[in-house]
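The chain contents come next:
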Amino acid sequence: MIKLKGVHKVYSMGDVKVHALRGIDMNVKKGDFVSIMGPSGSGKSTMLHIIGVLDRQTKGSVHIKSVDVAMMSDEDRTSFRLKEIGFVFQFYSLLPELTALENIFIPNMLAGMNGKQCRKNAREMMEKLGIGERLSNYPHQLSGGEQQRVSIARALVNKPELLLADEPTASLDSKSAMNVISILRKLNEEIRQTIVLITHEQSLGALADRGIWLKDGAVEREKDF
Amino acid sequence: MRIIPFLAFKDMVRDRKIVLLVIFLLAFSYVNLTFFPAFLNGLSNTFQDEIVDTGTSHIIITPRLESNSPYLNFVSSTRKKIDLIPGVAGSSSHIGLSGTVFFEGKQTGVGITALTPSDDSHVTAIGEKILKGDYLSDGDTGEIVMGELIAGRKIEDRIGQTGGFGAATEGLGGVDVGQKVVIRFSNGVESEFRVKGISGSQGFSLVSQTIYMTAMDAEEILGIDDQASSILVRLNNKDDAARYKKLILELGLSNANIQTWSEASTFAEGLNQTFGIVIIVTTIVGIVIVMATVGIVIFINTSRKRRIIGVLKAIGMQKNHLMMVFLFESLLFGLIGTLLGAAIVYSTVYYMNIHPIVLPIGALKPVLLTSTAVNAVAILIASSLVAGYIPSRLASRQEILETIKVVE
Ligand SMILES: Nc1ncnc2c1ncn2[C@@H]1O[C@H](COP(=O)(O)OP(=O)(O)O)[C@@H](O)[C@H]1O
Ligand SMILES: [Mg+2]
């Protein structure tokens with residue numbers, strides 16, 4: 001599903017160069033649930049952005065579903081994200097002027113699904129994530145945990161192969177955080193959803209099948225839970 | 001792409017106060033673009049009506065310059081032919097004279113128009129412009145109607161009034177009805193006339209500056225018969241002038257120069273040109289208002305939404321579609337603004353045609369041409385789109401990761 005080989009990422013800001021990734025090798029198979037851990041600035045987000053086709057590596061190869069994504073045009077990468085990848089971001093990423101339901105069906109709508117089907121899909125997804133009674137609430141009327149569950153629903157509504165989450169629990173209290181991660185756990189078990197989760201909390205990361213620790217842009221260690 | 005109108009509407013509903021403000025500004029621009037020309041059209045019509053009513057009527061026939069004769073010949077048979085054309089309300093022949101008027105030691109050069117009152121009443125409104133005394137009758141001899149600017153005012157009348165027109169407009173210093181003046185015509189004939197009435201109007205009209213007498217008197221003074229300086233033709237409908245000009249041309253009148261009222265009056269033309277320039281200026285102002293308003297609002301809107309724009313791109317929305325969301329908003333601004341503006345303008349114009357503004361020269365009824373209204377719609381919508389395009393494009397092209405990092 002995901003194959004990284006010797007991936008480097010160098011950010012250059014004028015004369016200053018930041019070597020964010022220094023030769024990452026990684027394989028994630030279909031149905032895997034992997035958590036990425038490591039200190040702040042170790043390159044976790046950078047790696048996730050490259051896997052998520054939001055950014056391009058400086059060196060090395062990246063294959064997602066056997067596609068060399070770096071070779072694709074911007075437009076193709078955008079449709080690839082729409083169909084194959086679901087994102088859950090760290091904080092507020094919902095459209096404030098849309099209800100929870102409407103936020104969730106945006107990817108469906110982008111994929112050209114008709115309005116009725118959009119609503120039906122989004123409603124089912126909300127039921128599944130236990131927020132079925134919140135469908136006509138606006139984001140500001142939802143708790144942080146509920147907002148993240150709406151984000152997860154939005155990420156999954158197009159049935160992507162890959163779900164990527166960058167510290168989705170960072171702004172939540174520990175109870176809601178645990179709740180959100182156990183939803184991911186359940187999705188992985190029930191529909192074999194492939195998931196890559198970034199977290200800096202060991203206890204949450206341990207709910208995945210496998211943990212990968214980064215340090216200074218390189219893999220420090222790996223462990224199966 | 002349903003997503004484009006969907007997101008545009010949701011965005012506009014959320015910011016409805018700003019949206020309303022923009023729409024009002026655009027409506028205001030639409031009014032600016034259309035009402036002003038409508039008002040000027042009305043004003044121009046008022047002036048033109050005055051010129052038609054006291055000067056040219058709808059069609060005016062004069063001798064050709066090449067004919068070397070100041071007069072048209074066979075006037076009565078010509079008029080008979082013209083009067084037979086359906087749609088012609090009447091015709092009247094005018095004889096122009098010039099001379100010097102003397103009164104109580106004062107004198108002034110004047111233009112004199114001689115006409116037959118009973119004919120002329122169907123063709124011009126000169127007979128209705130009598131301020132004092134009476135208008136001429138067909139059989140009058142030795143009587144004139146004098147324009148008020150020629151008659152002038154007595155000095156006493158002006159005491160206590162500030163300003164004043166000065167000596168040039170004093171005329172003869174206050175000739176009154178019933179008094180007698182002497183006119184020496186340019187051919188040397190000199191004769192005494194009784195002032196039967198004083199004519200005038202508050203516009204720029206000729207009636208304040210001309211002396212009128214009967215054609216009978218003029219024919220005797222000039223020694224002419226069945227001749228005239230001009231034949232004026234009144235139509236049932238002013239707007240048919242060009243068509244009737246052709247019909248009259250087909251009569252094959254010899255040595256005749258035939259002009260419609262608009263051709264004959266260079267004043268009306270100059271007025272329209274002046275107004276045209278004024279309208280161009282207001283149009284430019286209108287476009288600037290629209291572009292600034294829409295441009296700024298879309299710019300602010302997209303700047304505030306940087307993060308959301310990044311998220312939408314990240315989850316798979318193409319940048320061109322994102323740009324179209326904001327362009328669609330610009331388009332809606334333009335559309336709703338013009339609709340509201342058109343409603344305001346059309347109802348105002350309608351109201352003002354029922355209750356016209358009364359100006360000294362006559363009633364002013366604004367005239368909104370359909371072409372003006374349609375052009376303004378096109379100008380406004382095009383300006384909104386152009387103004388919205390730049391910030392929309394900029395916003396949709398931002399780097400995703402740059403925008404996602406922003407924490408609001
Ligand atoms: N757009 C960027 N430009 C320059 N440096 C960056 C950029 N994004 C990340 N970095 C740098 O790359 C390194 C890794 O960052 P990141 O992947 O965000 O780490 P993490 O998510 O593990 O905290 C950091 O030193 C960070 O400052
Ligand atoms: Mg990070």
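Residues numbered from 1 in each chain as written. Chains lettered and ligands numbered in written order. Predicted model: local features only at pLDDT ≥ 70, side-chain atom pairs only at ≥ 80, totals over all residues. Heavy atoms only, no water.

Visitor: Would you take a moment to explain the overall build of chain B for this structure?
Guide: Of regular secondary structure, chain B possesses 13 helices and 12 strands. Against the globule reference of 22 Å for 408 residues, chain B gives a C-alpha radius of gyration of 32 Å, more extended than a compact globule. The C-alpha extent of chain B, read off along each of the three principal axes, is 100 × 60 × 35 Å. In chain B, which comprises 408 residues, the share counted as buried stands at 48%. Of all intrachain contacts in chain B linking residues separated by at least 6 positions in sequence, the fraction that spans at least 24 positions is 76%. Accessible area for chain B stands at about 19600 Å²; split by element, carbon and sulfur atoms hold 60% of it. Put simply, chain B has 34 plus and 36 minus side-chain charges, and the middle of one group is 19 Å from the middle of the other. (Helix = DSSP H or I, 4+ residues; strand = E, 2+ residues; numbered from the N terminus. Rg over C-alpha atoms; globule rule 2.2 N^0.38 Å. Buried < 20%, exposed > 50% of the residue type's maximum accessible area, 1.4 Å probe, protein only. Contact = heavy atoms within 4.5 Å. Areas by Shrake-Rupley, 256 points an atom, 1.4 Å probe, with all protein chains shown as cover. Lys, Arg positive; Asp, Glu negative; His and termini not counted. Charge placed at Lys NZ, Arg CZ, Asp CG, Glu CD.)

Visitor: Quick question: what am I supposed to make of the sheet that holds strand β8 (residues 194–198) of chain A here?
Guide: Strand pairing in a sheet takes place through backbone hydrogen bonds and is either antiparallel or parallel in direction. All names here are of chain A. Taken in spatial order, the six strands make up an open sheet running β6-β7-β8-β3-β9-β10, and their pairing is mixed. The two strands at the open ends of the sheet, each matched to only one other strand, are β6 (85–88) and β10 (218–224). For this sheet, the mean angle separating the axes of adjacent strands, direction not counted, is 15°. Bridge analysis of strand β3 (residues 33–37) against strand β9 (residues 210–215) gives four bridges, and the strand direction is parallel. Across the sheet, Ile-36 pairs through a bridge with Ile-212, a residue of β9. The strands touched by helix α2 (residues 74–84) within the sheet are β6 and β7 (162–166), with β6 carrying the most contacts at an inclination of about 80°. Strands in contact with helix α5 (residues 144–156) are β6 and β7; relative to β6, the strand with the most contacts, it is inclined by about 170°. (Pairing = 2+ DSSP bridges. Axes fitted to C-alpha atoms, helices over the stretch in contact; angles between N-to-C directions.)

Visitor: Can you walk me through the domain arrangement of chain B in this structure?
Guide: Interfaces are often sized by the amount of accessible area the parts lose when they come together. Partitioning chain B into structural domains gives domain 1 (3–49 + 269–404) and domain 2 (91–226). The straight-line distance from the C-alpha centre of domain 1 of chain B to that of domain 2 of chain B is 54 Å. (Domains from an automatic or database assignment.)

Visitor: Even after reading the chapter, I still don't get the sheet that holds strand β4 (residues 59–64) of chain A, so can you show me in this structure?
Guide: All names here are of chain A. With antiparallel pairing, the four strands of this open sheet are ordered in space as β2-β1-β4-β5. What marks the edges here is a single partner per strand, and that holds for β2 (16–28) and β5 (67–68). In the sheet, strand β1 (residues 2–13) pairs with β2 via 10 bridges, with the strands oriented antiparallel. Bridge pairing links Met-13 to Val-16 in β2.

Visitor: Please explain the interface of chain B and chain A as it appears in this structure.
Guide: Facing 25 residues of chain B, the contacting portion of chain A comprises 28 residues. Together, the buried faces of chain B and chain A total about 2400 Å²; carbon and sulfur atoms form 70% of this surface. Area buried by chain B at its contact with chain A is led by B:Ile315, B:Gln318 and B:Leu401, which between them contribute 23% of it. The interface formed by chain B and chain A includes two salt bridges. Its salt-bridge partner being A:Glu102, residue B:Lys10 comes within 2.7 Å of it at the nearest N-O pair. If you look at where chain B meets chain A, you find five residue pairs in polar contact (both at pLDDT 80 or more). (Buried area = accessible area lost by both parts, 1.4 Å probe. Salt bridge = Lys/Arg side-chain N within 4 Å of Asp/Glu carboxyl O. Polar contact = N/O pair within 3.5 Å; in protein donor to acceptor, adjacent residues only side chain to side chain.)

Visitor: In this structure, what is going on with the packing of helix α3 (residues 100–110) of chain A against helix α1 (residues 3–14) of chain B? I would like to understand it.
Guide: Each packed pair of helices is defined by two parameters, the angle between the axes and the distance between the axes. It is the contact of α3(A) with α1(B), at a shortest axis distance of 10 Å, that shows an interaxial angle of 155°. In this view, α3(A) runs roughly antiparallel relative to α1(B), as classed from their interaxial angle. Facing α3(A), whose interface residues are A:Glu102, A:Phe105, A:Ile106, A:Met109 and A:Leu110, α1(B) presents B:Ile3, B:Phe6, B:Leu7 and B:Lys10. Considered class by class, the residues forming the contact of α3(A) with α1(B) number seven nonpolar, no polar and two charged. (Parallel < 35°, antiparallel > 145°, perpendicular 65-115°, else oblique. Nonpolar A, V, L, I, M, F, W, Y, C, P; charged D, E, K, R; others polar.)

Visitor: Explain the site of ligand 1 to me, please; I cannot follow it from the model alone.
Guide: For ligand 1, the set of nearby residues contains 13 residues, the closest of which are A:Gly41, A:Lys44, A:Ser45, A:Thr46 and B:Lys405. The local environment of ligand 1 is shared, drawing residues from chains A and B. At 2.7 Å, a backbone N or O of A:Gly41 approaches an oxygen atom of ligand 1. When the free accessible area of ligand 1 is taken as 560 Å², the share hidden by the protein chains comes to 71%. Those elements that place two or more of their residues in the shell around ligand 1 are β1, β2 and α1 (44–51) of chain A. Looking at the shell around ligand 1, the element that brings in the most residues is α1(A), giving three residues. For the shell around ligand 1, a count of residues per class yields five nonpolar, six polar and two charged. (Near = heavy atom within 4 Å.)

Visitor: Can you walk me through the packing of α5(A) against helix α6 (residues 174–191) of chain A in this structure?
Guide: All names here are of chain A. Interhelical geometry of α5 versus α6 gives an angle of 20° and a closest axis separation of 9 Å. Between α5 and α6, the angle is such that the two are roughly parallel. With respect to the hand of their crossing, α5 and α6 are arranged in right-handed fashion. Together, Gly-145, Gln-148, Arg-149, Ile-152 and Leu-156 of α5 and Ser-176, Asn-179, Val-180, Ile-183, Leu-184 and Leu-187 of α6 make up the contact between the two elements. When the residues that make up the contact of α5 with α6 are grouped by side-chain class, the tally is six nonpolar, four polar and one charged. (Left-handed = near helix turned anticlockwise from the far one by under 90°.)

Visitor: What am I meant to see in the pattern of salt bridges here?
Guide: All names here are of chain B. Inspection of every chain in the model, using the stated rule, returns 27 salt bridges over all chains. Close ionic contact of Glu-50 with Lys-129 constitutes a salt bridge, the shortest N to O distance being 4.0 Å. With Glu-50 in helix α2 (residues 16–56) and Lys-129 in the loop between α4 (117–120) and β4 (130–133), this pair connects stretches of sequence that are 79 residues apart. Accessibility assignment for this pair places Glu-50 and Lys-129 in one class, buried. A salt bridge links Lys-245 to Glu-263; the shortest N-O distance between them is 3.1 Å. Remark: Glu-263 occurs in helix α8 (residues 261–264) and Lys-245 occurs in helix α7 (residues 241–249); sequence separation between them is 18 residues.

Visitor: Explain the pairing of strand β3 (residues 106–115) of chain B to me, please; I cannot follow it from the model alone.
Guide: Strand residues, when the strand is regular, have side chains that alternate between the two faces of the sheet. All names here are of chain B. Here strand β2 (residues 88–103) pairs with β3 via nine bridges, running antiparallel. Following the sheet pairing, Gly-99 is matched in β3 by Val-110. Hairpin connection, β2 to β3: the antiparallel pair is bridged by two residues, and Glu-104 has positive phi, about 45°.

Visitor: Where do I start with the pairing of β3(A) in this structure?
Guide: All names here are of chain A. Of all five residues in β3, five are buried; the element is thus mostly enclosed. Alternating residues of β3 divide into Phe-33, Ser-35 and Met-37 and Val-34 and Ile-36, and every residue in both groups is buried. Looking at chain direction, β3 and β8 are connected through four bridges and run parallel. Within the sheet, the bridge partner assigned to Val-34 lies in β8 and is Val-196.

Visitor: I tried to follow helix α12 (residues 370–396) of chain B on my own but got confused; where do I start?
Guide: Since the α-helix packs 3.6 residues into each turn, any two residues three or four apart lie on the same face. Compared with the 39 Å implied by 1.5 Å per residue over 27 residues, the 38 Å span of α12(B) between its first and last C-alpha is a close match. At B:Tyr389, α12(B) is deflected by roughly 30°, the largest bend along its length, and proline B:Pro391 occurs up to four residues later in sequence. (Expected span 1.5 Å × (residues − 1). Bend = angle between axes of the 7 residues up to and from the residue.)

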